[in-house]
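Coordinate inspection notes
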Amino acid sequence: MDESKVADAAYIPYPGETFDIVFACNLLEHIIDPDSTFNEVFRVLKAGGVFLIKTPNKNHFLIRVAYLTPLWFHKWFNKKRGRAEVDTFPKYYKVNTPASINKLAKKSGLRVCTIDLIEGRPEYMRINVFTYILGFIYERLVNLVPLFKTFRILIIAELFKPE
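Note that the structure is predicted; figures quoted are calculated from it, not measured. (Residues numbered from 1 in each chain as written. Predicted model: local features only at pLDDT ≥ 70, side-chain atom pairs only at ≥ 80, totals over all residues. Heavy atoms only, no water.)

**Regarding the overall build of the chain**
- For the chain, the helix and strand inventory stands at five helices and four strands.
- Listed by position from the N terminus, the elements making up the chain come as β-α-β-α-α-α-β-α-β.
- Judged by the C-alpha coordinates and their principal axes, the chain covers about 50 × 40 × 30 Å.
- Burial analysis of the chain (163 residues in total) assigns 35% to the buried set. (Helix = DSSP H or I, 4+ residues; strand = E, 2+ residues; numbered from the N terminus. Buried < 20%, exposed > 50% of the residue type's maximum accessible area, 1.4 Å probe, protein only.)

This is the structure:
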């Protein structure tokens, strides 16, 4: 059965041990209470279930700028891109580093399988040719120099609920 519900991530409106997989795609940056959210994910996952995460990395320069930019600006900018203002949400970035994911996983009882940082094509810099070239250089640098891995834009994580 396919079903979806809109809810506060601190209270997932399903019984315990319901899901084999919980997927948070571009969600964690909007979480006000990460402890409650991770506890809820633990509660609704079946034993052996997987929690998949795709979220922006707080250590990326663009995310630092987004953090400092007011919500009204994000709404205005996204409207220019054709996105409805109602689909632009406040950002808190409380769980947007590998360390914070590790810490919250441990506190909630989840175990970490993998946490990867990736940097792909700099589509976020597609403003003009000059900014795209700067983004391309940045992408090459953070992907080629292991020391700069921590500055890649996306965190992809796989956590699981122990048997």
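**Considerations on the packing of aromatic side chains**
- Scanning the entire structure with this criterion turns up nine aromatic pairs.
- When the centroid spacing of 6.2 Å and the interplanar angle of 70 degrees are considered together, the rings of Phe-61 and Tyr-124 count as edge-to-face. Separated by 63 residues along the polypeptide, Phe-61 in helix H2 (residues 61-68) and Tyr-124 in the loop between strand E3 (111-118) and helix H5 (129-144) bring together distant segments of the chain.
- A residue is classified by how much of its surface remains accessible, and Phe-61, at 32% relative accessible area, is partly exposed.
- Where Phe-73 meets Trp-76, the ring centres are 5.6 Å apart and the plane angle is 40 degrees; that geometry is what we call tilted. On the criterion of helical spacing, the pair formed by Phe-73 and Trp-76 is a turn pair, its members being three residues apart in helix H3 (residues 71-80). (Phe/Tyr/Trp six-rings, centres within 6.5 Å; stacked < 30°, edge-to-face > 60°.)

**Re the pairing of strand E2 (residues 45-56)**
- Of the strand pairs in this sheet, strand E1 (residues 19-25) and E2 are connected by six bridges, and their pairing is parallel. Paired with Ala-24 across the two strands is Ile-53, which belongs to E2.
- Taken together, E1, helix H1 (residues 34-44) and E2 constitute a β-α-β crossover, and its handedness is right-handed. (Pairing = 2+ DSSP bridges. Right-handed = clockwise from strand over helix to strand, strands pointing away.)

**Topic: the nonpolar core**
- Membership of the largest hydrophobic core comes to 23 residues, with the highest contact counts inside it found for Phe-38, Phe-51, Ile-53, Ile-101, Leu-110 and Leu-159.
- If you list the elements that add at least two residues to this core, you get E1, H1, E2, helix H4 (98-108), E3 and strand E4 (154-160).
- Setting aside chain neighbours within four positions, we find Leu-159 in contact with Phe-38, Gly-49, Val-50, Phe-51, Ile-53, Ile-101, Ala-105, Leu-110, Arg-111, Val-112 and Cys-113. (Core = buried A, V, L, I, M, F, W, Y, C linked by side-chain atoms within 4.5 Å. Contact = heavy atoms within 4.5 Å.)

**Let's talk about unusual backbone geometry**
- Phi at Asn-26 is positive, roughly 55 degrees, even though this residue is not glycine.
- Looking at where Asn-26 falls in the secondary structure, it is placed in the loop between E1 and H1.
- Exposure remark for Asn-26: the relative accessible area of 33% places this residue in the partly exposed category.
- In the Ramachandran plot, Tyr-93 falls in the positive-phi region, its phi being about 55 degrees despite a non-glycine side chain.
- Note on placement: Tyr-93 falls in the loop between H3 and H4.

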